[in-house]
Every structure is written in C-alpha cells, then in structure tokens.
Amino acid sequence: MTNTNNIVNSKSILKDNFGRDHAYLRISLIERCNLRCSYCMPAEGVKLSPKSHLMTSDEIYNIAKTFVKHGVKKIRLTGGEPLIRKDIPVILEKLATLNVTLSITSNAVIIDKHIAILKQNNVNKINISLDSLDRKKFKEITLRDQFDKVYSNLLLLVEEDFEVKVNVVLMKGFNDNEIINFINLTKDLPISIRFIEFMPFDGNKWDKNKMVSYKEIMACVNSTYKTNEVIRLTDAKNDTTKNYKIKGYKGSFGVISSVTNPFCDSCNRLRLTANGKIKNCLFSASESDLLTTLREGKSIEPVIKKAVEAKFKVRGGMDTLEKLQEPKLHNQNRSMITIGG
Ligand code: SAM
Ligand code: SF4
C-alpha cells in the first residue's frame, strides 16, 4: 500500500501540471548593473532590496543544491550584471562542485578580468548583450560609453575559445537597420547572434510598435541573402531560439520570439531572483519566497513544488497579445533588471 502511494506521489517537484520538467535554473545574483539599457532598467531606476535580503553565496549554493537534487542539469548566472558581484569567484567555485553545466549571461564590460576564474570553473558558454555595432548608439541605449570595451571583450572571448552567443534586443527605428551587420559578423566569427523580440516589463515603456518581430527579421534576412544561402538549423531540445545560418559562414544567428511565437510548450526553465524568490515564468507576476523559508530553517522543497504546480501553460498567463499590451498586467511583474532574462 505504502509503495503504491509512494509511486503515486513520486512526481518530481520540478514537473508542472502540463508535464513540463524543469531542468534549467537561471539565478540572478544581483539587482544592480554597470549599464542602463532602457528596455531593461526603468529610467527612474528600481527599488533595490536591502543587502540583507539578498542571497549570500552559501544560500545560493544551498538553494541550487536542492534544485540539482531534483533534476536541474543546467544553471545560468545572470543579474543585473552578475560580474559586478564581489564574491563572484566564490559563487562560481561553489556552484562548480554541483553536477551541472554552468553558464553566464553578462554585458561583458568587465569580463576580461574574469577569464581565468570562468575557465577554472568550467564556464564555457557565455551569452553577452550587445545591441548596436555603432559606438554612439551603444551609448544611447546603455547610457554608458563602453562599446569599445564590450566589442574587444567579445573578440577576446572567441579567442579564448568560449562558446559565445550575442543577445541583441531589436527596436524599430533604433537598431533594426543593423540586422545584416550583426549577421555578417558571423562570417568570420564562430558566434551565434540571437535577435530578441523586445518584451514588456515593469517600467520599460513597451510598445508593440517598437518591437521587431520574427517575421520582420526573417523578411529582412530573406531580402538580403539568396534563398539557398539561408539555412534553417535544427534547434536543440528546449531551445528558445529559432536557429539559422548563412551558407559558408562560421557562426549562426537566430530569433527569440517570446512575443509573437512563444515557446512555452517546451519550457524547462525556472528563475531565482537575487532576493531569493522563485519565478516559474519570465512573465509571471507571482513569486514564491525561498530565501525566507531557508532562513527559517524549513525545507524549501514544498515551496518549490507549489510554485512549479502553479505555472501557467503560456507566458505566465499573458497568453494573448492583448494581455501583453495591457500595462496594468505587465506592471505587476518586475523590471527585467531584477529578473535576469
Ligand atoms: N546584464 C547581463 C546582460 O545584459 O547580458 C545579464 C542580465 S540581462 C537582464 C539578460 C538579458 O535580458 C540581456 O540579454 C538583455 O538584452 C535581455 N533583456 C533585458 N530586457 C529585455 C526586454 N525588455 N526584452 C527582451 N530582452 C531583454
Ligand atoms: Fe544591465 Fe543587462 Fe539590463 Fe543592460 S540588459 S541594464 S546590461 S542587466
């Protein structure tokens, strides 16, 4: 009898009500950043959590260990800007002892100072953000004059044999005329450019008309290259990107179309914010507090289970474009800078 009950109750705490298993955890390490990308950080800034409310390196490790125990195989560190966290070497060292693939998303401004520590801890996959190849426009979007640093660090990462993906958030009238320049970077560089549809979050003044859609990106690609030059690649399982390459080019490119073509059916991601809240979806307004539970000395497993079970089928309940366009709804979510992408 007991055995049968155990079998019935043995559903993984990381499996949701739609049969999706969550093997990928994204951990935001910090709410602050050394850039000010307008689509990510509200102009008026964000209300920062007091330092005592942020996870320490030990707490990050303990929470991550629980997720790994239940099947997480991949952890990506993000922010804000994860590399400005002073104890990043300690965090990397601790997480590297877990049986996971460890990766990081960074704006790359100071990544040259972290090459050794990334290598020592087997962080081979790095996503960097770069929205313009024009120094002036880079400054306009990030409010910081750091283009040269980021671009030279991109080349350094390639030289150092990291697997590099470059995230480009496209916006109409701002950088949509750079789609082909970005793709042409992949001619000689073995990198992957990922065009991301601009998404709505608290304070980022999202407007559907500013967004460049998957369809529009591919129309631009198809009007530039010959049909037989544009090769559709096979996407990896749970990949959020529709991947392509130009025949003969070393690298590839793709589109993350969360707005016009959500990929929720194959979603395997959970997010942990720097102040220890679990978010079951990027678009979800609800959060569950793991850190307080951990600090009370209680098991965080029931909290994780409940949060995973509450996951909506599509985009945290924002299943239609109409809902996405409703500021009252996306203002209930956090600003992207405190989620981490
Ligand atoms: N600071 C790091 C960086 O920029 O790579 C990590 C954190 S950042 C929040 C992670 C990713 O989210 C970046 O690639 C950024 O371009 C993306 N992002 C931020 N706001 C976005 C938005 N409104 N729509 C789409 N992507 C966004
Ligand atoms: Fe900072 Fe990254 Fe957000 Fe830009 S996208 S403000 S670099 S956290």
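Residues numbered from 1 in each chain as written. Chains lettered and ligands numbered in written order. Predicted model: local features only at pLDDT ≥ 70, side-chain atom pairs only at ≥ 80, totals over all residues. Heavy atoms only, no water.

A closer look at the environment of Asn 333
Going by this rule: The way it works is that DSSP assigns letters per residue, a run of H or I at least four long becomes a helix, a run of E at least two long becomes a strand, and they are numbered from the N terminus. Here a polar contact is taken to be a pair of N or O atoms separated by no more than 3.5 Å, where protein atoms must pair a possible hydrogen donor with a possible acceptor and residues adjacent in sequence count only if both atoms sit in side chains.
Positionally, Asn 333 belongs in the segment after α12 (327-330). The sequence separation of Asn 333 and Ser 284 amounts to 49 residues, and the corresponding C-alpha distance is 6.5 Å. Among the polar contacts made by the side chain of Asn 333, one reaches the side chain of Lys 279 at a distance of 2.7 Å. A distance of 2.9 Å separates a polar atom in the side chain of Asn 333 from the backbone oxygen of Leu 282.

Describing the pairing of strand β5 (residues 163-170)
Inclusion rule: Exposure categories follow from relative accessible area, calculated using a 1.4 Å probe and restricted to protein chains: below 20% of the type maximum is buried, above 50% is exposed, and the middle band is partly exposed. By this definition, two strands are paired if DSSP reports at least two bridges between them. Every crossover in which the path from the first strand over the helix to the second runs clockwise, viewed with the strands pointing away from the viewer, is termed right-handed.
Counted residue by residue, β5 has six buried out of eight residues, so it is predominantly covered. Bridge count for β5 against strand β6 (residues 192-197) is six bridges, and the pairing is parallel. Looking at the pairing, Val 169 lines up with Ile 196 of β6. Tracing the backbone out of β5, into helix α7 (residues 179-185) and back to the parallel element β6 gives a crossover that is right-handed.

A few points about the pairing of strand β10 (residues 269-272)
Because side chains alternate across β10, one face comprises the buried residues Arg 269 and Arg 271, and the other comprises Leu 270 and Leu 272, equally buried. Bridge count between strand β1 (residues 24-28) and β10: four bridges; the pairing is parallel. Counted as the bridge partner of Tyr 24 is Arg 269 from β10. Both β10 and strand β11 (residues 277-279) contribute to a ladder of two bridges, which runs antiparallel.

A few points about the site of ligand 1
This is how it is decided: The rule for a residue being near a molecule or strand is that one of its heavy atoms must lie within 4 Å of it. In these tables, accessible area is a Shrake-Rupley quantity obtained with a 1.4 Å probe, and a residue counts as shielded only by the protein chains included in the view. Residues are sorted three ways: Asp, Glu, Lys and Arg are charged, Ala, Val, Leu, Ile, Met, Phe, Trp, Tyr, Cys and Pro are nonpolar, and all the rest, Gly among them, are polar.
Inspection of the region around ligand 1 gives 21 residues, with Tyr 39, Gly 80, Ser 129, Asn 167 and Met 199 positioned closest. Taking Tyr 39, its main chain carries an N or O atom lying 3.0 Å from a nitrogen atom of ligand 1. With the chains in place, 96% of the 540 Å² that ligand 1 exposes on its own is no longer accessible. Within the shell around ligand 1, the residues separate by chemical class into eight nonpolar, eleven polar and two charged.

Considerations on the sheet that holds β1
Threshold: Should any heavy atoms of two residues lie within 4.5 Å, those residues are considered in contact. To get an axis, fit a line to the C-alpha atoms, keeping to the stretch in contact for a helix; angles then go from 0 to 180 degrees between the N-to-C directions.
Taken together, twelve strands build an open sheet; the order of strands is β7-β8-β9-β6-β5-β4-β3-β2-β1-β10-β11-β12 and the sheet is mixed. Since the sheet does not close on itself, it has two edges, and those belong to β7 (230-232) and β12 (288-289), each with one partner. Here helix α2 (residues 57-69) sits on the sheet and contacts β1, β2 (74-78), β10 and β11; the angle it forms with β1, its principal contact strand, is near 170°. Seen against the sheet, helix α8 (residues 214-224) touches β5, β6, β7, β8 (241-246) and β9 (252-256) and runs at an angle of roughly 155° to β9.

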